[in-house]
Amino acid sequence: MKRRNFINRVMLSSGAVFLGSQCTNTEAVKKDVPSAVATESRGQIKEPERMIQVVDTCDVLVVGGGPSGVAAAIAASRAGAQTILLERYNHLGGLWTGGLVLPLLSTHGINSHNQKEKVLSGIGDEIAQRLVDLGMSIEEVNPVVDPEAAKYVMDEMMKESGVKTYYHCWASNLISEDDTIRAIILETKSGRVAIQPKVVVDCTGDGDVFHLAGEEYDLMQYEIGLVHRLGNIDRIDESKPGYKKLYIGDPTPIPSVNWVNMTGNEYNDALDFKKLSELQQQHRLEIWNNVRQIRSTPGYEEVFLVDTAPQQGVRMSRFLKGEYRLTLEDTVTYRSFDDVIGMAGGWTSFLYKGEKISGSERPVWQIPYRSLVPRKTKNLLVAGRCFSFTKDLFQDARVIGPCLITGHAAGVGASLASQSGQPTQDQDVSRIQKVLKQQNAYLG
Amino acid sequence: MNWLIKNSRYIFLALAIIVALPFPSTFVGGLLWFSPYLFILTVLSSKSFVLLNLLGLGFLILIAFKRRFICHYMCPLGIVCDQASRRAIRNKKLGKLKNFNKSLALFSVGFAIFGLSVFVVLDPFYIFQTTFEPIRSGVNLTNAIRLIPLVGIIVFNLFYPDSWCSSLCPLGGLQMLAADLRKNISRKSTTPSVKSRRLFFAGLAGLSAGILASPIIRKRRTNRPSQIKPPSSLPKDEYLLTCIRCGNCIGACPTGILFQQTDVNLMAFLAPAVDFSESYCLPECKRCGDVCPSGALTRFSLEGKKDLIMAVASVDYENCLLYNQKECNQCKQYCAYDAVSYELQPGLRNPIPVFDKEKCVGCAACKIVCPENVIHINPYHLSS
């Protein structure tokens, strides 16, 4: 080999090595760096590895303390599982209480004999009944409840059924092996900790857990609002000169208090924390100005803002593509499923094949177990507004009634799965149905 | 084969009855597409040609070579006339009628060029099919009027046996004209006869009548009460005169929103109009345009449907759920044309539905779905 050739080759190969090193995945390179210092690259920062304290193990871990999470945790515990529930805010009930979306919708529907039928059952019905007993619920169909009473009732029932409830913690990650969730990582005031459950129930509403577990889902942008309550409604003076009728929301169980909904005029991404923050601020300013406008109207001087909702009213975000996706057609044709785990009703009108079906004439609908089951992860069930359905059903699927129903079923399913050790996909649904019936669930 | 040729008129009679009866069929419009008379009139007046018009064109060529082919082998009305003529009340005083058929055919063709295709109501296929409309869309007084042409022709034949077919039917006239024309061309004869002079004047009269009629029709446009027309329909007056009231679109509409107008307004009598009280116009449907044999409704694509404006929506905000700060999204959710947005208006504390008049086609999906029934659908020209 001539010297010139040799030099050429050396230069070429060293050039190639240099280029190659530029191209390699930064991750691979950084692994060799035994430093705890974070490394940065292209606007990203790599978090160093660290050991995380496992603070608990349990049979069933319910992530999210909204209506579905509460129903799931109580059901799982009553079915014999050692159960933990995680909640990011300081209360149970999610949007029902913290979001001040007070109506429990979808409690009734029209059955195949053309009669109005109550479909809310099991734990959801128990919560509703306790609120009636407290005098904190108005109207029988789609009742409106008092948020503080609902928080109280749910706390009481969680305590009675022995569920460990952790507030102020946010499930931020998970560790899974062989499509099985080994641990859920949560951010708390005590730092980042882990819980090792046998089975997880995703009741996050946004589907945070199934997203982290790598399941397939649909993502929907929809209206986001902030609900508020007004007080002294009973002291509006209609005789005052200049009085005119204003729309100031709907009655709640407390006679002097109304709740006021907010639709939000555009569709937004509920997973964008910056957008959520922007809306939060904008909505709160809007509400204050609205209340000021109301108070300056003759007769309304004593009306005041009781509170704005602690939780932003996210209506839709992720929803699962599970073992079965429930369709609008299934729900208006009285489709019956062998693996039915609950029933739901209606609240608003919609179009089906050129025909209007109003909220009060909506057929009751069955929810199958498969619509709570993800396709991949073996120890996960999904309940609440992010369970598995097609987009045409979202308006009916996202309200409190179906959340309570799917939550209850997912809790029982998770409990039995933790006992049998079998994947949630392979559960004996007849056993789930049997336990559900023991817990007063109505399966049609 | 001989049997087939011998009985082909009866086969067509059976076929005509089958397509006229309310069987679920995608080929509504049936035998009307076969008629070369209908073909010439609708193509000339609507100045458009659709694929199914090829059938009419084919038969037009055929009748030029095979004299009175349709009369001999196809016409279902012909059978009815023959049967009536056989039972004729012979009255020698009434004598025999002169042949008007060729003049009538030319007159109507002339009328169609600048005016409208109103004379299609004389087409035998149409007369036969329309008689069955009461079975398809229900027996009522207006549908009973559809029985008049057939009954009239039967009675006419009872007094003047065989006269409808030989001396009045414009389809028969057209067939003879076509055959004569071909013969003249092949013989290269140029000598005009007395007969052809009469025909020339008939055509000219039709042409001038058409020219005269169209401005009168257009003048009357503005001051008439308005009904909502089906999508893809011609401008109002052309629509009312081009439509042959066959009822195909009414039969084809999956949501049953079309009905026959029974106003005192004679122009609009029996022309299909839209009734949005029970249902709406499906964004995924184009059947009315597909089945119209007259060109009053033109064929359209689903992509183009967003440009076919029927009406426009308006909201009675007083009772709108959103206006009252209650949960609702239905008008926006079900608008297939993206015409609804929620906007904050000055002086209001919350966003309310606002309709984009550029995008709204007036399909009424929002009106139907609205939980509080506060959306109204207005005829287009009144609100714009």
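So, a few notes on the structure that sits alongside this text. (Residues numbered from 1 in each chain as written. Chains lettered and ligands numbered in written order. Predicted model: local features only at pLDDT ≥ 70, side-chain atom pairs only at ≥ 80, totals over all residues. Heavy atoms only, no water.)

Next up on the list: the overall build of chain B. What chain B contains, in helices and strands, is 20 helices and six strands. Scored against the burial criterion, the 384 residues of chain B give a buried share of 52%. Partitioning the contacts of chain B with sequence separation of at least 6, the portion at a separation of at least 24 is 71%. Within the structure as shown, chain B displays about 18700 Å² of accessible surface, and the carbon and sulfur contribution to it stands at 65%. (Helix = DSSP H or I, 4+ residues; strand = E, 2+ residues; numbered from the N terminus. Buried < 20%, exposed > 50% of the residue type's maximum accessible area, 1.4 Å probe, protein only. Contact = heavy atoms within 4.5 Å. Areas by Shrake-Rupley, 256 points an atom, 1.4 Å probe, with all protein chains shown as cover.)

In this description, a pair of aromatic rings is defined by centroid distance and the angle of the planes. All chains considered together, the criterion is met by 14 aromatic pairs over all chains. For the pair A:F210 and A:Y217, a centre-to-centre distance of 5.6 Å together with 50° between the ring planes defines the contact as tilted. A relative accessible area of 0% means that A:F210 is categorised as buried. When the ring of A:Y247 is compared with that of B:Y323, the centres are 5.5 Å apart and the planes differ by 75°; the resulting orientation is edge-to-face. Taken together, the residues A:Y247 in the loop between β15 (228-231) and β16 (250-251) and B:Y323 in the loop between β3 (311-315) and α18 (330-333) connect one chain to another. One aromatic cluster is present, built from ring pairs that chain together A:Y222, A:Y267 and A:F394. Its end group placed over the ring of A:W170, A:R88 keeps NZ or CZ at 4.7 Å from the ring centre. A cation over a ring is seen here: B:K332 above B:Y342, with NZ or CZ 4.9 Å from the ring centre. (Phe/Tyr/Trp six-rings, centres within 6.5 Å; stacked < 30°, edge-to-face > 60°. Lys NZ or Arg CZ within 6 Å of the ring centre and 35° of its normal.)

On the side of chain B, 28 residues touch chain A, which itself brings 28 residues to the contact. Taken together, both faces of the contact between chain A and chain B bury some 2500 Å²; the carbon and sulfur share is 43%. Here chain A is connected to chain B by three salt bridges. Between B:K326 and A:D250 there is a salt bridge, with its nearest N and O atoms 2.8 Å apart. At the junction of chain A and chain B, the tally comes to 17 residue pairs in polar contact (both at pLDDT 80 or more). Of all the secondary-structure elements, those providing two or more residues to the side of chain A that touches chain B are β14 (222-225), α8 (273-295), β23 (350-352), β24 (355-357) and α10 (394-397) of chain A. In terms of residue count, the dominant contributor to the side of chain A that touches chain B is α8(A) (three residues). The residue makeup of the side of chain A that touches chain B, split by class, is 11 nonpolar, 10 polar and seven charged. (Buried area = accessible area lost by both parts, 1.4 Å probe. Salt bridge = Lys/Arg side-chain N within 4 Å of Asp/Glu carboxyl O. Polar contact = N/O pair within 3.5 Å; in protein donor to acceptor, adjacent residues only side chain to side chain. Nonpolar A, V, L, I, M, F, W, Y, C, P; charged D, E, K, R; others polar.)

Any link to function would need more than the numbers given here.
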